[in-house]
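One letter stands for each residue in the lines below.
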Number of protein chains: 2
Amino acid sequence: MSEKYILGIDVGATNIKAALVDFQGRPKHFQILLTEKERGPGHILKKLQELIVFYKEKLEKAELLQGIGLALPGSVNDTTGICAFGPNLRWKNVKVSQELKNRTGLPIKLINDANAACLGEYFFGSGRNCSNLICITIGTGIGSGFILDNKLLIGPSGAAGEAGHMVIVEDGPQCSCGRRGCLEALVSATAIVKRTREKINAGHPTLITEMIDGKHELLTTEIIAEAAAKKDELAINILQQTKEYLVTGLTNLVNLFNPEKIILGGGVIHAGDVLLKNLESEIKKSAFPTLREPLEVVPSLLGNKAGVIGAASLFFKKIKTIGG
Amino acid sequence: MSEKYILGIDVGATNIKAALVDFQGRPKHFQILLTEKERGPGHILKKLQELIVFYKEKLEKAELLQGIGLALPGSVNDTTGICAFGPNLRWKNVKVSQELKNRTGLPIKLINDANAACLGEYFFGSGRNCSNLICITIGTGIGSGFILDNKLLIGPSGAAGEAGHMVIVEDGPQCSCGRRGCLEALVSATAIVKRTREKINAGHPTLITEMIDGKHELLTTEIIAEAAAKKDELAINILQQTKEYLVTGLTNLVNLFNPEKIILGGGVIHAGDVLLKNLESEIKKSAFPTLREPLEVVPSLLGNKAGVIGAASLFFKKIKTIGG
């Protein structure tokens, strides 16, 4: 390999994803490691340093590695190089860029993880040739990035676009942000599993009990989706309710932002037909007539590589921001 | 008067407001007429034509009137000069600009009414020197305009920014847009009056019954506020509940848009202390830590003249848009 590369790294609360990304946005040697966030920022920084060394050695010449695009789950400032607030990592004011630059000598660019995934899809995925889009990643939590008129919405604080923390059910289930009834507390994998567990505990009959052999810690959205595919009523109801919440939340976003595309990614979108079938038409049924016209709802093209590719793209693609 | 003027006109579902606006944004001869929308688009266009003649005659020379800035309650396209959808006027595809230009010979610029109020405040009101703001007008309905990084958010359809049609109470009260539990269906004057009437009908004791002499059609937010000021429990509860909804809705907007200012206008903001006291601190308590930092919640400076001034400003102020 004598081409130039950027190392894209996407740090999540559970996993760290990484790949060498060429200047056409193609990932190579993609891998997924455990984050082990409980071991603190120092441990994660060491892990990132080791990753950089590992990828340098993959290359014919170390100089072919031109920089590190680093996506973090929190509020980051690329100018200061600081992650001010990363609740899911329990980070506060971590000087990421300086630390990594000192240790590796490579230029670092920071970006919020949801915005990285959004940029990945915008430049190389389902959002190519689209000027106004929202990228929503539904996993353990909900990440969201907004492209408005070909610019990334970051706001004056650099962290705008928290669609997961839009309340749609007043006095709904508790959310990690402190409020109740946020989209994240209703539609994330965590929320779906929690709601299902509550129903099972309340004695609702379901195939799921057998599928997980009574071990509640084995319950996942995949299993719920599998049960729904087997016509299990509880599972179907849970996913149907989740879909209604998702339609409500996405319709709110359509009425506010008027996107041409909503790109859905994350594990939950594999929860099958009950959740995703007719999603676009149901949003269009309830959104404002003049705002729903251009809308398409599409799945992520880059899947779990979107963040890595988007973070790397900061080095070879230009994006203007709104705010920041 | 030998200065040059723009005639600003702000057409609402109930009233038409108009004033001559000089190039420093100062309104003169402000007046409020009835819209009489039930008489159809032709009647309103005739009224607008008469208004233009009236204001021309106010001026020393007719040439001092340089153009008409027209705010309409709906989706407008200034390039085609058409109001595609004005639900509150029951307008559909009305060719406003061509009609008025033919009759008066003056150049016309069209804008959505909420965006006009937003521009008014941004250029000459509470939003001066602020690059990121949301302007919310709470009256019969809810209007909202967004300035992001000194640009007006209009979206690819030209009508983005419908904060009033964000659902915050799943399965809440019916909204005129077809959904349930929209901010407008909870916090607008119409919604407040409706909720109060329901409580009175259900037999809740209140001073209000006496204040309106049993005539429910006399019930207004002013009377509810007056009752609250007299420590009427029902009125206080209604306004307290309204405030909670407003905090929820505005916090959603802070988490999405990260504004530096939220400017509140419209009749409902005069409903007194119960509704507005500590609004900013309550939003800050529940919004995302990194997003609430720059926020100030302030009242409109231009009041019911914001739309007229904003519409006129299209002729002598430059604004870039996001989308459109």
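In case you missed it, the structure is sitting above this.
Keep in mind it's a predicted model, so treat the numbers as computed, not measured. (Residues numbered from 1 in each chain as written. Chains lettered and ligands numbered in written order. Predicted model: local features only at pLDDT ≥ 70, side-chain atom pairs only at ≥ 80, totals over all residues. Heavy atoms only, no water.)

(A) Highlighting helix H8 (residues 233-257) of chain A. Residues and elements named next belong to chain A. Helix length check: H8 (25 residues) gives 36 Å between terminal C-alpha atoms against 36 Å at 1.5 Å per residue, within 8%. The buried count for H8 comes to 19 of 25 residues, which makes it a mostly enclosed element. Positive phi shows up at Asn 258, right after H8, with a value of about 55°. (Helix = DSSP H or I, 4+ residues; strand = E, 2+ residues; numbered from the N terminus. Expected span 1.5 Å × (residues − 1). Buried < 20%, exposed > 50% of the residue type's maximum accessible area, 1.4 Å probe, protein only.)

(B) Here's a closer look at the packing of helix H3 (residues 113-124) of chain A against helix H12 (residues 306-313) of chain A. All names here are of chain A. Between H3 and H12, the least distance of the axes is 6 Å, while the angle of their chain directions is 80°. As judged from the angle between their axes, H3 and H12 are roughly perpendicular. For the pair formed by H3 and H12, the contact residues are Ala 116, Ala 117, Leu 119, Gly 120, Glu 121, Phe 123 and Phe 124 on the first element and Ala 306, Gly 307, Ile 309, Gly 310, Ala 311 and Ser 313 on the second. Tallied by class, residues from the contact of H3 with H12 come to eight nonpolar, four polar and one charged. (Axes fitted to C-alpha atoms, helices over the stretch in contact; angles between N-to-C directions. Parallel < 35°, antiparallel > 145°, perpendicular 65-115°, else oblique. Contact = heavy atoms within 4.5 Å. Nonpolar A, V, L, I, M, F, W, Y, C, P; charged D, E, K, R; others polar.)

(C) Region of the structure containing the relation of the copies chain A and chain B. When chain A is fitted onto chain B, the two copies agree to an RMSD of 0.1 Å after a turn of 180° and an axial shift of 0.0 Å. These values place the two chain copies in the arrangement generated by a two-fold rotation axis. No C-alpha of chain A lies nearer the rotation axis than that of A:Ile168, which sits 2.0 Å from it. When the interface residues of chain A are mapped onto chain B, 100% of them again lie at the interface, so the same face is used by both copies. (Least-squares fit on C-alpha atoms with pLDDT ≥ 70 in both.)

(D) Geometry of the sheet that holds strand S14 (residues 320-322) of chain A. Residues and elements named next belong to chain A. A sheet is described by the order of its strands in space; here six strands give the open sequence S13-S12-S9-S10-S11-S14, paired in mixed fashion. Edge positions in the open sheet fall to strand S13 (296-299) and S14, since each of these has one partner strand only. Across this sheet, the average inter-strand angle for adjacent strands is 25°, counted without regard to direction. In terms of strand pairing, strand S11 (residues 151-153) meets S14 through three bridges, oriented parallel. Residue pairing in the sheet places Leu 153 in a bridge with Ile 322 of S14. Of the strands in this sheet, strand S9 (133-138), strand S10 (142-148), S11 and strand S12 (261-265) touch H3, which is tilted by about 50° from S10. (Pairing = 2+ DSSP bridges.)

(E) Geometry of the environment of A:Leu219. All names here are of chain A. You can see Leu 219 is positioned in the loop between helix H6 (208-211) and helix H7 (221-229). In this structure, the C-alpha to C-alpha distance between Leu 219 and Ile 192, residues 27 residues apart in sequence, is 10.0 Å. Dropping the residues within four chain positions of it, Leu 219 is found in contact with Val 193, Thr 196, Arg 197, Ile 200, Ile 208, Ile 212 and Ile 224.

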